[in-house]
Amino acid sequence: MNAAESTARIAVEVKELTVRFGDHLALENVSLSVPHGAFVAIVGPNGAGKSTLLKVLLGLVTPTAGEVRVFGSPPNRVDPQKVGYVPQFKTLDRTFPALAEELVVSGLRRSWPVRIAKEEYEAARRVLERVGAGHLLGRTVSRFSGGELQRVYLARAFVRRPDLVMLDEPATGIDMLGEADMYRLLEDYQKETGATLLMITHDWEAAYHHATHVVVLNRRLVGFGPPERALSERCLREAFGHVGHAHGISLSFGGGDRA
Amino acid sequence: MQRALLAGLAMALLAGYYGPFVVQRGLSFLGSGLAHAAFGGVALGLLLGVEPLWVAFPFTAGVALGITWVQGRTHIRGDTAVGIFFAFSMALGILFLSLKREYTAEAFTYLFGSILAVSPADLWASSVLLALTALTLPLWGRWAYATFDRELAAADRVPVILDDYLLAVLVALVVVVAIKLVGLLLVAAFLVIPAAAARQWSRTFSGMVVGAVIVGGLSVVAGLMASYSYNLPSGAAVVLLQALIFTVSALFMRRI
């Protein structure tokens, strides 16, 4: 494989990334490269720099040192149409008057719609139906449950058919059934498009079962690789200081029962 | 009266257009702060013996830029930044007025507003601001996007910081234009109350803008007519009507 082919197969490349906010060191010397089509779970304790890493990749935070490439370009040069972002839905301003389809069309236009064109409405309807949220068309988002919002945000990310989807704790605040649905939708989207997924999660078990790669972060990179390796007892203990409930899971890791 | 009505309708249009941004961004206090900042500019104009509004425009726009800068650069909340500039500008205004030796009754026109005080120059200023606003119409979508979710908009390369400054300056100009008619004590109501009333029955942000313009327009026409017929202070009449519309909306409209 020549160098160009090798670069083309890398979706995200992070080299010696350090991010400082004043005196606070958020990330220190993190290096990793994510191949195209990977499903990466980012785990780590609170304050480990998980969201900061995502924000650097989105071009929202400038690195203090190091280099970051998304599809071979600096994050703020990447075509935004190639990247879908699913923020934590708890950040939604529920006082803002908006319909589900407006939220989805904002993902298509990268701007808020004054009026929605017929073809935009159709695109929104198709993607909302696909994520099982067709019934939310014409309804205002301020009254949606966590699970409903999560589906609308997923639809909003999928509607532009991104090659890279970044999700910030997408399962927080939704029930187990909703969570299972969400992983199925993500995996279906990935199968169909070959997209790369990067997801912050607190759920080690979900990371183990759904991700192809796991990043264990605690300001520094503690582990990166296939879940069996990255979620080892040593990495978890180093990142979290304990292995908590996952100790039991980690014991069964060797059983090869991954979904 | 005709001039006041035209100025009032221009104001309703402008404040109705910008009000929903102010309200949804949690900047309702900004209108008040900028109105008081305008007082500093008006007082400086009176002291220098030049048309107060021409001094108030750059002065208030400068304060708007200052507030936005402080909000972005420091660890204080937006309302605190407004509070600091609000007091600073008022203090400057009081100082300027005290330096002017003779009694300045004109200052009261700016405090409380007056239909009779609206001059052709004020109408020109409103027209220029309307034209400026028309030029920024293509930016409505990205402003609304950033108002909905600043981070999503920034991730989609919307220049959110530049837009913060642009919006703050435009709101400052609206406030200054409105002062003669409504008075600086009540001018913030124009930005906040019609938008808040429209929110009670709007399902979309664009609908909220249209609603705010309609509420503003109706209250201006009815308020100025009442003011003219019964010799009431114009600003107070308009704002009381706006408050009435808000109350009815909040009580009888199902909040969506």
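Residues numbered from 1 in each chain as written. Chains lettered and ligands numbered in written order. Predicted model: local features only at pLDDT ≥ 70, side-chain atom pairs only at ≥ 80, totals over all residues.

Asks: Summarise the overall build of chain A; cite the residues concerned and give the values.
Replies: Helix and strand counts for chain A come out as 10 helices and nine strands. Taken over 259 residues, chain A has a buried fraction of 47%. Considering only residue pairs separated by 6 or more positions, chain A has 65% of its internal contacts joining residues 24 or more positions apart. (Helix = DSSP H or I, 4+ residues; strand = E, 2+ residues; numbered from the N terminus. Buried ≥ 20, exposed ≤ 12 C-beta atoms within 10 Å, placed from the backbone. Contact = placed C-beta atoms within 7 Å.)

Asks: Hey, could you go over the interface of chain A and chain B for me, with residue numbers and the actual values?
Replies: Contacts between the two partners involve 20 residues from chain A and, on the opposite side, 23 residues from chain B. Considering each element in turn, the side of chain A that touches chain B owes the most residues, three residues, to helix α3 (residues 100-109) of chain A. Here the residues of the side of chain A that touches chain B sort into 12 nonpolar, four polar and four charged. (Nonpolar A, V, L, I, M, F, W, Y, C, P; charged D, E, K, R; others polar.)

Asks: Give a description of the pairing of strand β7 (residues 196-200) of chain A that names residues and reports values.
Replies: All names here are of chain A. Within β7, five of the five residues are buried, which leaves the element mostly enclosed by the surrounding structure. On β7, burial covers both faces: T196, L198 and I200 on one face and L197 and M199 on the other are all buried. As paired elements, strand β3 (residues 39-43) and β7 share four bridges and run parallel to each other. Within β7, the position partnered with A41 by the bridge is M199. As paired elements, strand β6 (residues 164-168) and β7 share five bridges and run parallel to each other. Residue pairing in the sheet places L167 in a bridge with M199 of β7. (Pairing = 2+ DSSP bridges.)

Asks: Describe the environment of G66(A), naming the residues involved and giving the relevant values.
Replies: Residues and elements named next belong to chain A. Here G66 lies in strand β4 (residues 65-70). Residue class for G66 comes out partly exposed when judged on the 17 C-beta atoms lying within 10 Å of it. Distance in space between the C-alpha atoms of G66 and V14 is 7.7 Å, their sequence separation being 52 residues. If near-sequence neighbours (up to four positions away) are discounted, G66 is found in contact with K15, E16, L17 and T18.

Asks: Please give an account of unusual backbone geometry that cites residues and values.
Replies: Residue and element names in this part refer to chain A. Of note, R110 is a non-glycine position whose phi angle comes to about 60 degrees, a positive value. In this structure, E169 takes a positive phi of about 45 degrees despite not being glycine. Tracing the backbone through its elements, the reader meets E169 in the loop between β6 and α6 (176-193).

Asks: Mind laying out the confidence of the model for chain B, listing which residues take part and the relevant values?
Replies: The predicted coordinates should not be examined in detail at positions where pLDDT is low. All names here are of chain B. In this model, chain B carries an average pLDDT of 89, and 98% of its residues clear a pLDDT of 70 or more. Between the elements of chain B, mean pLDDT differs from a low of 76, seen in helix α5 (residues 106-112), to a high of 96, seen in helix α7 (residues 140-148). Across the predicted assembly, pTM comes out at 0.89 and ipTM at 0.86. (pLDDT = per-residue confidence, 0-100.)

Asks: So what about the sheet that holds strand β2 (residues 24-35) of chain A? Which residues, and what values?
Replies: Residues and elements named next belong to chain A. As summarised here, the arrangement of the three strands in space is β2-β1-β4, forming an open sheet in which the pairing is antiparallel. The sheet terminates laterally at β2 and β4, the two strands that pair on one side only. The sheet shows a mean angle of 20 degrees between the axes of neighbouring strands, taken without regard to direction. Examined bridge by bridge, strand β1 (residues 10-21) and β2 share eight bridges and lie antiparallel to one another. From the neighbouring strand, F21 faces β2, where its bridge partner is H24. (Axes fitted to C-alpha atoms, helices over the stretch in contact; angles between N-to-C directions.)

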